[in-house]
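Chain by chain, the residues:
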Amino acid sequence: MKVNEDYLKLPGSYLFSTIAKKVAAYREAHPDADIIRLGIGDVTRPLPPAVIAALHKAVDEQAVAETFRGYAPDLGYAFLREAMAEHDFQARGCEIAADEIFISDGAKSDSANIQEIFGRDCRIAVCDPVYPVYVDSNVMAGRTGDYDAATGIWSRVIYMPCTAENGFVPELPEEKPDLIYLCYPNNPTGGAITKDQLQRFVDYANETGAVIIYDAAYEAYIREGEGIPHSVYECDGARTCAIELRSFSKNAGFTGLRLGATVIPHDLKTRSGDREVELHSLWARRHGTKYNGAPYIVQRAGEACYSEAGKAEIRELIGGYMRNAGLIRKGLEEAGYEVYGGVHSPYVWLKTPDRLTSWEFFDRLLEQVQVVGTPGSGFGPHGEHYFRLTAFGSYENSVRAIERIRSL
Ligand code: MLT
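Criteria and thresholds
- Residues numbered from 1 in each chain as written.
- Predicted model: local features only at pLDDT ≥ 70, side-chain atom pairs only at ≥ 80, totals over all residues.
- Heavy atoms only, no water.
- Helix = DSSP H or I, 4+ residues; strand = E, 2+ residues; numbered from the N terminus.
- Rg over C-alpha atoms; globule rule 2.2 N^0.38 Å.
- Contact = heavy atoms within 4.5 Å.
- Areas by Shrake-Rupley, 256 points an atom, 1.4 Å probe, with all protein chains shown as cover.
- Lys, Arg positive; Asp, Glu negative; His and termini not counted.
- Charge placed at Lys NZ, Arg CZ, Asp CG, Glu CD.
- Near = heavy atom within 4 Å.
- Polar contact = N/O pair within 3.5 Å; in protein donor to acceptor, adjacent residues only side chain to side chain.
- Nonpolar A, V, L, I, M, F, W, Y, C, P; charged D, E, K, R; others polar.
- Domains from an automatic or database assignment.
- Core = buried A, V, L, I, M, F, W, Y, C linked by side-chain atoms within 4.5 Å.
- Buried < 20%, exposed > 50% of the residue type's maximum accessible area, 1.4 Å probe, protein only.
- Phe/Tyr/Trp six-rings, centres within 6.5 Å; stacked < 30°, edge-to-face > 60°.
- Lys NZ or Arg CZ within 6 Å of the ring centre and 35° of its normal.
- Pairing = 2+ DSSP bridges.
- Axes fitted to C-alpha atoms, helices over the stretch in contact; angles between N-to-C directions.
- 1 Å grid on protein atoms, 1.4 Å probe; cavity = no way out; pocket = protein on both sides within 12 Å on 5 of 7 lines; lining within 4 Å.
- Points joined across faces, edges and corners; volume = space filled by probe spheres on them.

**Some words on the overall build of the protein chain**
Looking only at helices and strands, the protein chain features 13 helices and 17 strands. A globule of 408 residues ought to have a C-alpha radius of gyration of about 22 Å, and the protein chain, at 21 Å, matches this closely. C-alpha extents for the protein chain along the principal axes are approximately 60 × 55 × 50 Å. Sequence-distant contacts, at least 24 apart, represent 72% of the contacts inside the protein chain between residues at least 6 apart. Within the structure as shown, the protein chain displays about 17600 Å² of accessible surface, and the carbon and sulfur contribution to it stands at 50%. Charged side chains of the protein chain number 43 positive and 57 negative; the gap between the two group centres comes to 3 Å.

**Thoughts on the site of the ligand**
Taken together, Phe16, Ile40, Gly41, Lys108, Tyr131, Asn187, Lys250, Tyr347 and Arg388 are the residues near the ligand. In this structure, lysine 250 approaches the ligand through a side-chain N or O atom, which is 2.8 Å from an oxygen atom. Here arginine 388 contributes a side-chain N or O atom positioned 2.7 Å from an oxygen atom of the ligand. For the ligand, the accessible surface in isolation is 270 Å², of which the surrounding protein chains cover 86%. In the shell around the ligand, the residues fall into 4 nonpolar, 2 polar and 3 charged. Counting the residues that make up the shell around the ligand, at least three belong to each of domain 1 (5-46 + 309-406) and domain 2 (52-307).

**What to know about the nonpolar core**
Core analysis: the biggest nonpolar cluster contains 129 residues, and Phe118, Leu182, Ile212 and Leu332 have the highest contact counts within it. Broken down by element, this core gets its largest block of residues, 8 residues, from helix α11 (residues 308-334). Two domains each donate at least three residues to this core, and these are domain 1 (5-46 + 309-406) and domain 2 (52-307). Setting aside residues up to four positions removed in sequence, phenylalanine 118 forms contacts with Arg143, Leu179, Val211, Ile213, Ile243 and Leu279.

**Points about the packing of aromatic side chains**
Considering all chains together, one arrives at 23 aromatic pairs under this definition. Where phenylalanine 168 meets tyrosine 386, the ring centres are 6.3 Å apart and the plane angle is 85 degrees; that geometry is what we call edge-to-face. One end of the pair, phenylalanine 168, is in the loop between β6 (158-161) and β7 (179-183); the other, tyrosine 386, is in strand β17 (residues 386-390), and 218 residues separate them in sequence. Each member of the pair, phenylalanine 168 as well as tyrosine 386, carries the same accessibility label: buried. The interplanar angle of 40 degrees and the centroid separation of 5.6 Å between the aromatic rings of phenylalanine 248 and phenylalanine 254 together place this pair among those described as tilted. Each member of the pair, phenylalanine 248 as well as phenylalanine 254, is classed as buried. Ring-pair connections join several aromatic residues into one group, and the members of that group are Tyr14, Phe16, Phe168, Tyr340, Trp349, Phe379 and Tyr386. Sitting over the face of the ring of tyrosine 321, arginine 45 holds its NZ or CZ atom 5.2 Å from the ring centroid. Residue placement shows arginine 300 over the ring face of phenylalanine 79; its charged tip is 3.7 Å from the ring centre.

**Points about the sheet that holds β7**
Spatially, β2-β10-β9-β8-β7-β3-β6 is the arrangement adopted by the 7 strands of the open sheet, whose pairing is mixed. The open sheet has two edge strands with one neighbour each: β2 (101-104) and β6. Each strand axis lies, on average, 20 degrees off the axis of its neighbour in the sheet, ignoring direction. Here 4 bridges tie β2 to strand β10 (residues 260-263), and the two strands are oriented antiparallel to one another. Note that in β10 the partner of isoleucine 101 across the bridge is valine 263.

**Regarding the layout of surface pockets**
Roughly 800 Å³ of internal volume is contained in the largest pocket. Along its surface, the largest pocket is lined by 36 residues, and Pro11, Pro132, Asp136, Tyr147 and Gly378 are the ones closest to its centre. At the level of secondary structure, the elements contributing two or more residues to the lining of the largest pocket comprise α2 (15-29), β3 (124-128) and α6 (132-140). It is α6 that contributes the most residues to the lining of the largest pocket, 7 residues altogether. When the residues that make up the lining of the largest pocket are grouped by side-chain class, the tally is 22 nonpolar, 11 polar and 3 charged. Each of two domains, domain 1 (5-46 + 309-406) and domain 2 (52-307), supplies a minimum of three residues to the lining of the largest pocket. If you trace the second largest pocket, you find 22 residues lining it, with Asp88, Arg92, Glu219, Ala220 and Ile314 closest to the centre. Every element with two or more residues in the lining of the second largest pocket is listed here: α4 (78-89), β9 (242-247) and α11.

**Here we look at the sheet that holds strand β16 (residues 374-375)**
The strand order across the open sheet built from 4 strands is β13-β14-β17-β16, with neighbouring strands paired in antiparallel fashion. If you trace the sheet from one side to the other, it starts and ends with β13 (339-341) and β16, each paired once. Direction of pairing for β16 relative to β17: antiparallel, over a ladder of 2 bridges. Paired with threonine 374 across the two strands is arginine 388, which belongs to β17.

Printed below as a string of structure tokens:
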């Protein structure tokens, strides 16, 4: 028996598992410590009442023979796909039909799995820093070449640095990639992309034949009226070059419930020999073979997010988190930190003080003031000397965390 050797190339454990282990070790040594967690981007507020009501109703339906549902349709229930097509896309002028939306258990798994439908020799381009799942899933698939532990760089990955100088929106890649991963509003930097900036990537992808994998998990945090697109399909020509990932986690609080979607327009095609292939058919084939669909009750909960009550409750949830983001930003700025993000995003990205490395700052915060954040270097080499705090804690904990950091 041989294992998949590509897994052995992965350095260390998954970023958030490493952090959880460090925090657990600290707690064991200091059982009474009052630790405030602003590390992993996990929500803390309860699900909106409209979602809870839909869950209860769907559970009751499962108790009665006439309304009981077994396997969900492979690609998702029409009621949810239609609600998403209408509210997330058509209402914003994006030409996306319900049958181009595939319902799943979340954007993390979709962002990790989507690479399966592409050739093993495809080259990927990622922002640096980047959500680690995009790179790690391609490492597991044998697409990334060799890892240089000294620089944290994979030999076959094209890195697109995102820095304060470029406003955390990268230049077009110099080498030509086959797949371009973009996430806006961005995790981890909290940066946003304008429609014109995104249009440049769409034009580039159409010119070069690359495919954009656009992770829109944080679109609900966009402040209106500033030219920031909610979907890549707001750009002309995106139907022929882009896949979009959607999540119910950060907007409606489904991190525990699990629900997401991938959009693949029928116009996204490539050639294989003399055959024209729709990427939509490949992903549908994968779904059919490997997935039995998100649970009925969860899809009904997702549908409730698009009711008038659901939309209003979600706006309120997001408003609460953005209030935290604002106070974290302000508190850090007043304390003299260089701070980014937190405007169209629940993530605040700060420069570490005193040229500390990201992990040194992580240890300082944990040991001296018992606040947990995420080291920027865990997201890639250009994340070094940066640090991420999330606005997903409670208001009280956000206030306390900032008071503690200011006391340093
Ligand atoms: C994060 O903290 O970056 C996110 O929680 C990751 C995720 O959504 O999987």
